[in-house]
Amino acid sequence: MKDVNLRIYSLVAALLLLTLASMGARAKDSADGFLSDLHNFRVSNYMALDAYYRFSGTGATDTLNEIVKSINAANESMNSVAGSDSGVLSADEVEGLNREFEEFKNLMRDNINDVRNLGYPDLRLVSDMANQALTMNEKATELYRAAQESAQTQTNPRVEAARSAAVVMAQMMAKYSVRTNSSATQTFQGSSIETPLDEQARQLDQLLASVIQGQGTPALEAQLNDISSKWQFIRGSYINYNENNVGFVIDRYSKGILKGLTATIELMQSNA
């Protein structure tokens, strides 16, 4: 009987350990997903801003569609954050970010309507939108850091560097787009309090160096080499802006870097 009881106790203990491990894994997955949603939210909004600046100069339908696509992606991420049951952030924190997002969307809609109805942007309203984008991004970044601390998860430093690099790249794209937009460039240079473009480019140098260093699978190494090559090709244009630079080439390579960083994050997470 004693042996039977011992076996029962051992079985119960093993089941408890498995349950706790499963709960821990689910909590980590939930926290990782929360961080991923906040990251995608930040990038998507700057992609929308980048597309708007190009739209303000051309009024092209395909560029308008890019704005809609990016706003929809940000909406999806915001809804996922708001609907999370992870308990990583408080309802008030999430609602605060959502209010900032609603204000950004309202400003985006008004600015789009100005271009469509008047044929040109209202630079004051565009400036309001750029500053709101920065305020919203700072709020999302603050919540991202709070989520990391609350979740108490050990995130991969290279993944975090890649996410930071993607946010900086998206911000740089938006700032570069407004400079190449002939209808606004003489007066408006983006958010009045944002980091200058050349400084952001040097920040990106450091972040990409952190991502690239270290071992990886052949697929990861190939992806990192592609990102590095693309960045070296356009880096000088970001460091020293020149009106003779071909804007659509810079935009295409920048988007390629963003796509590569997304793939890099997935590869590093899958191999963790």
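Scroll up to find the structure this text is about.
All values derive from a computational prediction rather than experimental measurement. Along each chain, numbering runs from 1 in the same order as the chain's sequence is written. Totals for whole chains, interfaces and linings use every residue, but because this is a predicted model, local features are given only for residues with pLDDT of at least 70 and side-chain atom pairs only at 80 or more, for both listing and counting. Only hydrogens and water are set aside when side-chain values are computed; all heavy atoms of the structure are taken into account.

Draft legend 1. Representation of the overall build of the chain in the model. Check the secondary structure of the chain and you find eight helices and zero strands. Reading the chain from its N end, one meets helices and strands in the order α-α-α-α-α-α-α-α. Exposure classes here rest on a 1.4 Å probe applied to the protein chains alone. A residue is buried below 20% of its type maximum, exposed above 50%, and partly exposed in between. Counting over 272 residues, the chain shows a buried share of 43%. Carbon together with sulfur atoms contributes 50% to the accessible area of the chain, which is approximately 14200 Å² in total. Think of it this way: any DSSP run of H or I at least four residues long counts as a helix, any run of E at least two long counts as a strand, and we number them from the N terminus. Here the Shrake-Rupley method, with its probe set to 1.4 Å, supplies the accessible areas, and only the displayed protein chains count as covering residues.

Draft legend 2. Spotlight on the packing of helix H6 (residues 197-212) against helix H7 (residues 218-239). For helices, the fitted line uses only the C-alpha atoms of the stretch in contact; every axis is such a line through C-alpha atoms, and the angle between N-to-C directions lies from 0 to 180 degrees. Two elements in contact, H6 and H7, have axes separated by 10 Å at closest approach and are oriented at 165°. What the angle tells us is that H6 and H7 run roughly antiparallel. Along this stretch, H6 crosses H7, giving a crossing that reads as left-handed. Across the interface between the two elements, Leu-197, Asp-198, Ala-201, Arg-202, Leu-204, Asp-205, Leu-208, Val-211 and Ile-212 from H6 touch Leu-224, Ile-227, Ser-228, Trp-231, Arg-235, Tyr-238 and Ile-239 from H7. Ten residues, namely Ala, Val, Leu, Ile, Met, Phe, Trp, Tyr, Cys and Pro, are considered nonpolar, four, namely Asp, Glu, Lys and Arg, are considered charged, and the remaining ones, Gly among them, are considered polar. Tallied by class, the residues present in the contact of H6 with H7 amount to eleven nonpolar, one polar and four charged. Every angle not falling under 35 degrees, over 145, or within 65 to 115 is termed oblique; those three ranges are roughly parallel, roughly antiparallel and roughly perpendicular. Left-handed describes a crossing in which the near helix is turned anticlockwise from the far one by less than a right angle; the clockwise case is right-handed. Whether two residues are in contact is decided by their heavy atoms, any of which lying within 4.5 Å being enough.

Draft legend 3. The arrangement of the packing of aromatic side chains in detail. Aromatic contacts are taken between Phe, Tyr and Trp rings whose centres are within 6.5 Å, Trp giving its six-membered ring; a plane angle under 30 degrees counts as stacked, one over 60 as edge-to-face, and the others as tilted. Tallying each qualifying case throughout the model produces five aromatic pairs. Residues Tyr-52 and Tyr-53 carry aromatic rings whose centres are separated by 6.0 Å and whose planes lie at 65° to one another, so their mutual orientation is edge-to-face. Just as Tyr-52 is buried, Tyr-53 falls in that class too. A ring pair is formed by Tyr-176 and Tyr-238, whose centres lie 5.2 Å apart and whose planes are at 65°; its orientation type is edge-to-face. Residue Tyr-176 is located in helix H5 (residues 157-179), and its partner Tyr-238 is located in helix H7; the two are separated by 62 residues in the primary sequence. For Tyr-238, a relative accessible area of 2% gives the class buried. Each residue in the set Tyr-176, Trp-231 and Tyr-238 is aromatic and connected to the rest through ring pairs, giving one cluster.

Draft legend 4. Structural detail: the environment of Asp-205. Position of Asp-205 relative to the elements: it lies in helix H6. Taking the C-alpha atoms as reference, Asp-205 lies 9.6 Å from Gln-232; in sequence the two are 27 residues apart. For Asp-205, the contacting residues outside a window of four places in its chain are Trp-231 and Arg-235. Pairing of N or O atoms within 3.5 Å defines a polar contact, subject to two protein rules: one partner must be a possible hydrogen donor and the other a possible acceptor, and residues neighboring in sequence count only if both atoms are side-chain atoms. Looking at Asp-205, its side chain comes within polar contact range of the side chain of Trp-231, at 2.8 Å.

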